[in-house]
Amino acid sequence: MFRRALTNIPRFTTVRPNFSYPVRFMSTEIKEAIDQAVASSPVVLFMKGTPEFPQCGFSRATIQLLGQQGVDPEKFAAYNVLEDQELRDAIKEYSNWPTIPQLYVKGEFVGGCDIITSMAQTGELAELLEANDALVPETDDGIEEAEITPRR
């Protein structure tokens, strides 16, 4: 019976289900606010919670990775999407990315936790952050070698 129904469909006809998805459009004000936030620092993270107190494991992992990479706190800004439901919905539309956290470097969307983790493992994240001058600058303290004596 199913086979017979399919044979009645002309060949090369596209069969598409008629689904209706809710369409959301962010307000001009929230888009401008996100534009300003993304441009506010070289490295911008939209996350759940704060860097000091992340509210989800993915946000915590992303913050830890950025810390391990040596992101300069002077060149970093984080925005807590849990404080504003409109921001939480709009940032997903803004980036066309369904999950949070979301990382931006020099105004460009990089990705979420999985992408950041993968980039960190391959060295791409360090390269990206270094190329955009987002890391803590190395200082020369004048120490030529460390004096380490083994315990006996």
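Residues numbered from 1 in each chain as written. Predicted model: local features only at pLDDT ≥ 70, side-chain atom pairs only at ≥ 80, totals over all residues. Heavy atoms only, no water.

Enquirer: Could you give an account of the pairing of strand β4 (residues 108–111), naming the residues involved and the relevant values?
Expert: Bridge count between strand β3 (residues 102–105) and β4: three bridges; the pairing is antiparallel. Bridge pairing in β4 places V105 opposite E108. The antiparallel pairing of β3 with β4 creates a hairpin that spans two residues between the two strands, and K106 there sits at a positive phi of about 50 degrees. (Pairing = 2+ DSSP bridges. Helix = DSSP H or I, 4+ residues; strand = E, 2+ residues; numbered from the N terminus.)

Enquirer: How would you sum up the nonpolar core? Please name residues and give values.
Expert: If you look at soluble globular proteins, the nonpolar side chains tend to sit buried side by side. Ranked by internal contacts, the top residues of the largest apolar core, which has 16 residues, are V43, L45, L103, V110, I116, L125 and L129. Those elements that provide at least two residues to this core are β1 (43–47), α3 (57–69), β3, α5 (113–122) and α6 (124–131). In this view, L45 contacts T62, I63, L66, F76, A77, A78, Y79, P101, Q102 and L103; residues no more than four positions away in its chain are not counted. (Core = buried A, V, L, I, M, F, W, Y, C linked by side-chain atoms within 4.5 Å. Buried < 20%, exposed > 50% of the residue type's maximum accessible area, 1.4 Å probe, protein only. Contact = heavy atoms within 4.5 Å.)

Enquirer: Run through the pairing of β1, naming residues and quoting values.
Expert: Along β1, five of the five residues are buried, which leaves the element largely enclosed by surrounding structure. Direction of pairing for β1 relative to strand β2 (residues 76–80): parallel, over a ladder of five bridges. Bridged to V43 within β2 is F76. With α3 bridging β1 and the parallel β2, this β-α-β connection has right-handed handedness. By the bridge criterion, four bridges tie β1 to β3 in an arrangement that is antiparallel. (Right-handed = clockwise from strand over helix to strand, strands pointing away.)

Enquirer: Break down the confidence of the model for the protein chain for me, citing the residues and quoting the values.
Expert: Mean pLDDT over the protein chain: 83, with 75% of residues reaching 70 or higher. Across residues 1–6, where pLDDT falls below 50, the model places zero contacts with residues more than four positions away in sequence or in other chains. (pLDDT = per-residue confidence, 0-100.)

Enquirer: With reference to specific residues and values, describe the pattern of salt bridges.
Expert: One pass over the full model with this rule turns up two salt bridges. One salt bridge connects K31 with D35, and the closest N-O pair in it is separated by 3.2 Å. Of the two residues, K31 and D35 both sit in helix α2 (residues 28–39), four residues apart, roughly one turn of that helix. Owing to a relative accessible area of 30%, D35 belongs among the partly exposed residues under this scheme. (Salt bridge = Lys/Arg side-chain N within 4 Å of Asp/Glu carboxyl O.)

Enquirer: So what's going on with α3? Which residues, and what values?
Expert: Under the 1.5 Å per step criterion, the end-to-end length of α3 is 18 Å for 13 residues, consistent within 8% with the ideal 18 Å. G70 sits one or two positions beyond α3 and adopts a positive phi of about 90 degrees. (Expected span 1.5 Å × (residues − 1).)

Enquirer: Run through the packing of α3 against α5, naming residues and quoting values.
Expert: For the pair α3 and α5, the least separation of the axes is 9 Å and the interaxial angle reads 30 degrees. Here α3 lies roughly parallel to α5, going by the angle between them. For the pair α3 and α5, the sense of crossing is left-handed. In this structure, α3 contributes F58, A61, T62, L65 and Q69 to the contact, and α5 contributes C113, I116, T117 and A120. When its residues are assigned to classes, the contact of α3 with α5 shows six nonpolar, three polar and no charged. (Axes fitted to C-alpha atoms, helices over the stretch in contact; angles between N-to-C directions. Parallel < 35°, antiparallel > 145°, perpendicular 65-115°, else oblique. Left-handed = near helix turned anticlockwise from the far one by under 90°. Nonpolar A, V, L, I, M, F, W, Y, C, P; charged D, E, K, R; others polar.)

Enquirer: Which residues make up the sheet that holds β4, and what values do they have?
Expert: Two modes of strand pairing occur in sheets, parallel and antiparallel, and in both the strands are linked by backbone hydrogen bonds. The strand order across the open sheet formed by four strands is β2-β1-β3-β4, and the pairing between neighbours is mixed. Looking at the sheet topology across the chains shown, the edges are occupied by β2 and β4. Neighbouring strand axes in the sheet, compared pairwise and without regard to direction, differ in orientation by 25 degrees on average. Sheet strands in contact with α5 are β3 and β4, and its direction is about 80 degrees off that of β4.

Enquirer: I'd like a description of the state of the cysteines, backed by residues and values.
Expert: Taken as a whole and assessed by the stated rule, the structure comprises zero disulfides. Not part of a disulfide, C56 finds its nearest cysteine sulfur in C113, a span of 7.9 Å. Relative accessible area serves as the criterion here: at 10%, C113 is assigned to the buried category. (Disulfide = S-S within 2.5 Å.)

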